[in-house]
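Read off the chains here:
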Amino acid sequence: MPRRSTVLPSQGKGQTRQWKLTDFEIGKRLGKGKFGKVYCVREKSSGYVCALKVMSKQEIVSYHIEKQIIREIEIQANILHENCLALYGWFQDDQNVYLVVEYAAHGELYKTLTRLKRLADPLASYYIYQVARALKHLHSKHLIHRDLKPENILIHLDHRVKLADFGWSAYVGGDPAPNTGNRRTTMCGTLDYLPPEMVEARQHDQRVDVWALGVLLYELLVGHPPFEEKHAGDTYKRIARVDFSVPEWVDADARDLLAGLLRYDAERRTTLDDVVMHRWVLKNKLRWEKSWR
Ligand code: AMP
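Given the structure is predicted, the values throughout are model-derived calculations rather than measurements. (Residues numbered from 1 in each chain as written. Predicted model: local features only at pLDDT ≥ 70, side-chain atom pairs only at ≥ 80, totals over all residues. Heavy atoms only, no water.)

Chemist: Break down the overall build of the protein chain for me, with residues and values.
Modeler: When helices and strands are counted, the protein chain shows 10 helices and 11 strands. Considering only contacts in the protein chain between residues 6 or more positions apart, those separated by 24 or more positions represent 64%. (Helix = DSSP H or I, 4+ residues; strand = E, 2+ residues; numbered from the N terminus. Contact = heavy atoms within 4.5 Å.)

Written out as structure tokens, the structure is:
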């Protein structure tokens, strides 16, 4: 499964707390993103282990992502939820911008999914439940994530979900970007996860995340996204027609949830409140505890 890129930027302003590089012991490199390297670090005075995202200023400028980075910092600094990756602070020197974020021991869900191909229902339901809770929190703050996908979901110990990558997030209402009332029109996110309203360049709201949760559920259970095609144009067409089929071995309750999330009409989509209380989630919940607590 190829790593999917996100179509770029946004805006904002913000700073949380002052640190400098020498305040940290630098450990192993956790990964390399499109715009920087991530290290496991220990804050010397507290001994606290966290992740340090190092982004070169030169690259930030050359990719014209200044606004996206600022927005990411601003939004992430305002989100406090156990299923959202915490931003502890940020600082800069002449060369780099550094984000001090929560450490997620198992890295991207994308990596786990690539290794396992697909997930069994108990684990898939536990991830979906936690992502739904993270999204509920964002939506309660009038935020839309807009780029949900396994690449942007980090996993910590005990399969705890940490939703990350807020570079595409946006406030519903009260935002300087193209916006009509509580609805936005900017096309963004990752192709396979785009909802019909974005593919058709119609206005959208928080329910784009609900659609993406449906795409995620499908990908976790089946091993590939529901509208996957070689050519982007074909994926667009299938999304607009909601043309997907669920393999017959998928649990009937999981199908019911998929059908509720992947609805063309955003108003008719299952709500996040209903996701966390859905039959498929509740019946699998009994198996969460035994497997990994
Ligand atoms: P990013 O630049 O945010 O896309 O991160 C690049 C890679 O670093 C990811 O693919 C992860 O494997 C790893 N990574 C990023 N943030 C963290 C984190 N907070 N904890 C653990 N690993 C991370």
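Chemist: Please set out the site of the ligand residue by residue, giving values where relevant.
Modeler: Around the ligand sit 14 residues in total, of which G33, K53, E102, A104 and E108 are the nearest. E102 places a polar main-chain atom, nitrogen or oxygen, 2.7 Å from a nitrogen atom of the ligand. In the environment of the ligand, an oxygen atom lies 2.3 Å from a nitrogen or oxygen atom belonging to the side chain of E108. Notes on the ligand: free accessible area 480 Å², of which the protein chains cover 86%. Looking at which element gives the most residues to the shell around the ligand, the answer is strand β1 (residues 24–33), with four residues. Here the shell around the ligand is built from residues that sort into eight nonpolar, two polar and four charged. (Near = heavy atom within 4 Å. Polar contact = N/O pair within 3.5 Å; in protein donor to acceptor, adjacent residues only side chain to side chain. Areas by Shrake-Rupley, 256 points an atom, 1.4 Å probe, with all protein chains shown as cover. Nonpolar A, V, L, I, M, F, W, Y, C, P; charged D, E, K, R; others polar.)

Chemist: Talk me through the sheet that holds strand β3 (residues 49–56); I want residue IDs and the actual numbers.
Modeler: The sheet built from five strands is open, its strands ordered β1-β2-β3-β5-β4 with antiparallel pairing. Strand pairing shows two members of the sheet lacking a second neighbour, β1 and β4 (87–92), which therefore form its edges. Going across the sheet, the axis of each strand differs from the next one's by a mean of 25°, ignoring polarity. Here β3 runs beside strand β5 (residues 96–101); their pairing, made up of six bridges, is antiparallel. Across the sheet, the residue bridging to V54 is Y98, located in β5. (Pairing = 2+ DSSP bridges. Axes fitted to C-alpha atoms, helices over the stretch in contact; angles between N-to-C directions.)

Chemist: Quick one: what's the story with the pairing of β5, residue by residue and with numbers?
Modeler: Of all six residues in β5, six are buried, a share of seventy percent or more. For β4 and β5, the ladder comprises five bridges, and the chain directions are antiparallel. Residue pairing across strands places W90 opposite L99, the latter belonging to β5. What sits between β4 and β5 in their antiparallel hairpin is a turn of three residues. (Buried < 20%, exposed > 50% of the residue type's maximum accessible area, 1.4 Å probe, protein only.)

Chemist: Outline the side chain of D205, supporting the account with residue identities and numerical values.
Modeler: Turning to its location among the elements, D205 is positioned in the loop between α5 (196–199) and α6 (207–222). Only 2.7 Å separates the side chain of D205 from the side chain of R207, close enough to count as a polar contact.

Chemist: Talk me through the UniProt feature "binding site: ATP" (unreviewed entry) in the protein chain; I want residue IDs and the actual numbers.
Modeler: Look at the UniProt record and you will see "binding site: ATP" (unreviewed entry) annotated at K34, K53, E102, Y103, A104, E151, N152 and D165. Its place among the elements puts Y103 in the loop between β5 and α3 (109–116). Non-local contacts of Y103, meaning those with residues more than four positions away in its chain, are made with L30, C40, V49, C50, A51 and H156. (UniProt positions renumbered as here; feature names shortened; annotations may be inferred.)

Chemist: Could you give an account of the packing of aromatic side chains, naming the residues involved and the relevant values?
Modeler: We describe a pair of aromatic rings using the distance from one ring centre to the other and the angle between the two ring planes. This model, assessed by the stated rule, comprises 10 aromatic pairs. Between W19 and F24, the ring centres sit 5.5 Å apart and the planes meet at 65°, which makes this aromatic pair edge-to-face. A relative accessible area of 4% means that F24 is categorised as buried. Taking 4.7 Å as the distance between ring centres and 50° as the angle between the ring planes, the aromatic pair formed by Y126 and W288 counts as tilted. With a gap of 162 residues between them, Y126 in helix α4 (residues 121–140) and W288 in helix α10 (residues 279–292) connect regions that are remote in the sequence. A relative accessible area of 5% places Y126 in the buried class. Accessibility expressed as a relative area gives 2% for W288, which makes it buried. Three or more aromatic residues joined by ring pairs make a cluster, and in this case those are W19, F24, F91 and Y98. Just above the ring of W249 sits the side chain of R118; from NZ or CZ to the centre is 4.3 Å. (Phe/Tyr/Trp six-rings, centres within 6.5 Å; stacked < 30°, edge-to-face > 60°. Lys NZ or Arg CZ within 6 Å of the ring centre and 35° of its normal.)

Chemist: So what about the packing of α6 against helix α8 (residues 252–261)? Which residues, and what values?
Modeler: For any two helices packed against each other, the geometry comes down to the angle between their axes and how far apart the axes lie. Two elements in contact, α6 and α8, have axes separated by 8 Å at closest approach and are oriented at 150°. Of the two possible hands of crossing, α6 and α8 adopt the one that is left-handed. Where α6 approaches α8, its residues V210, W211, L213, G214, L217, Y218 and L221 are matched on the opposing element by A254, L257, L258 and L261. (Left-handed = near helix turned anticlockwise from the far one by under 90°.)

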